[in-house]
Amino acid sequence: MADKKHILTYAGLKQYEDELQNLKVVKRKEVAQKIKEAREQGDLSENAEYDAAKDEQRDIELRIEELEKLLKNAEVVVEDEIDTDKINIGCKVKLLDVEFDEEMEYFIVGSTEANSLQNKISNESPVGHALLGKGVGETVDVETQAGTIQYKVLNIQRVS
C-alpha cells in the first residue's frame, strides 16, 4: 500500500526539516553524552539516569523515523501559484460567523500542519473541507456536532 501524501506549505516543510536536522545533529549527541555519563556511574541495572537516557534515545529515533517518512511523502503547496479567487490549501481566509456576527481568520493547511492554537485548520476538517473552492462573498454551511454553522467568506489571500 502506498504511503499517504502529506500536503505541506513551504513554512511547514521548513519547520519539519529544521526539527529533523536538530534531532540528528544536536539531540542525538546530547543523549549519547547522557548515556555515556550514566554508564560511567557503574551498575546499569538500577541506574535511573541510564534508563531515562535510553528512553529519550528511543523517542528521538522514533521521531526521526516519523519525520523522514513524512518528508519523503511530502507534497509542497507552491504559494505563488495559489489562485486567490478560490479557497485552497495555503490560503489565509477571513470569515464571518453569520449567527454570532463574529469575524475570524484561518490558515488552510494540510492535516499534518493543522494546529487550532495557531488558527491552522486542515483541509480535511469539516470547516476546511467545506471552505475549499469557495470564493469571496459565498456562504458556506458546515455540519458539526453542535449543528450547522454558517460562514460567509470575506477575504482570501496567500500566506507570504
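Residues numbered from 1 in each chain as written. Predicted model: local features only at pLDDT ≥ 70, side-chain atom pairs only at ≥ 80, totals over all residues. Heavy atoms only, no water.

## So, the UniProt feature "domain: Transcription elongation factor GreA/GreB C-terminal" (unreviewed entry) in the protein chain
Within this structure's numbering, the places UniProt gives as "domain: Transcription elongation factor GreA/GreB C-terminal" (unreviewed entry) are residues 84-157. Taken end to end, residues 84-157 is 8% helix and 47% strand, and its first and last C-alpha atoms sit 6 Å apart. (UniProt positions renumbered as here; feature names shortened; annotations may be inferred. Helix = DSSP H or I, 4+ residues; strand = E, 2+ residues; numbered from the N terminus.)

## Details of the pattern of salt bridges
Under the defined criterion, the tally for this structure stands at twelve salt bridges. With a shortest N-O distance of 2.2 Å, R63 and E66 are connected by a salt bridge. Of this pair, R63 and E66 both sit in helix α2 (residues 48-72), separated by three residues, roughly a single helical turn. When its relative accessible area of 24% is taken as the criterion, R63 is described as partly exposed. (Salt bridge = Lys/Arg side-chain N within 4 Å of Asp/Glu carboxyl O. Buried < 20%, exposed > 50% of the residue type's maximum accessible area, 1.4 Å probe, protein only.)

## Topic: the UniProt feature "domain: Transcription elongation factor GreA/GreB N-terminal" (unreviewed entry) in the protein chain
Taking the UniProt record as the reference, the feature "domain: Transcription elongation factor GreA/GreB N-terminal" (unreviewed entry) is found at residues 7-76. In this annotation, residues 7-76 is assigned 79% helix and 7% strand; the end-to-end C-alpha distance for the span is 6 Å.

## Let's talk about the domain arrangement of the protein chain
Along its sequence, the protein chain is carved into domain 1 (6-76) and domain 2 (81-158). The C-alpha-based centres of domain 1 and domain 2 are spaced at 35 Å. Overall, the association of domain 1 and domain 2 removes approximately 570 Å² of surface from exposure, summing both partners, and the carbon and sulfur fraction of that is 57%. Counting every contact that joins domain 1 to domain 2 gives zero salt bridges. Mapped by element, the contributors of at least two residues to the side of domain 1 that touches domain 2 are β1 (6-8) and α1 (10-39). A per-element tally of the side of domain 1 that touches domain 2 places β1 first, with three residues. Counted by class, the side of domain 1 that touches domain 2 contains four nonpolar, three polar and no charged residues. (Domains from an automatic or database assignment. Buried area = accessible area lost by both parts, 1.4 Å probe. Nonpolar A, V, L, I, M, F, W, Y, C, P; charged D, E, K, R; others polar.)

## Regarding the packing of α1 against α2
Across the interface, α1 lies against α2 with an axial gap of 9 Å and an inter-helix angle of 160°. In terms of their interaxial angle, α1 and α2 are classed as roughly antiparallel. Relative to α2, the crossing made by α1 is left-handed. Along the lines of polarity and charge, the residues of the contact of α1 with α2 split into 14 nonpolar, one polar and 13 charged. (Axes fitted to C-alpha atoms, helices over the stretch in contact; angles between N-to-C directions. Parallel < 35°, antiparallel > 145°, perpendicular 65-115°, else oblique. Left-handed = near helix turned anticlockwise from the far one by under 90°.)

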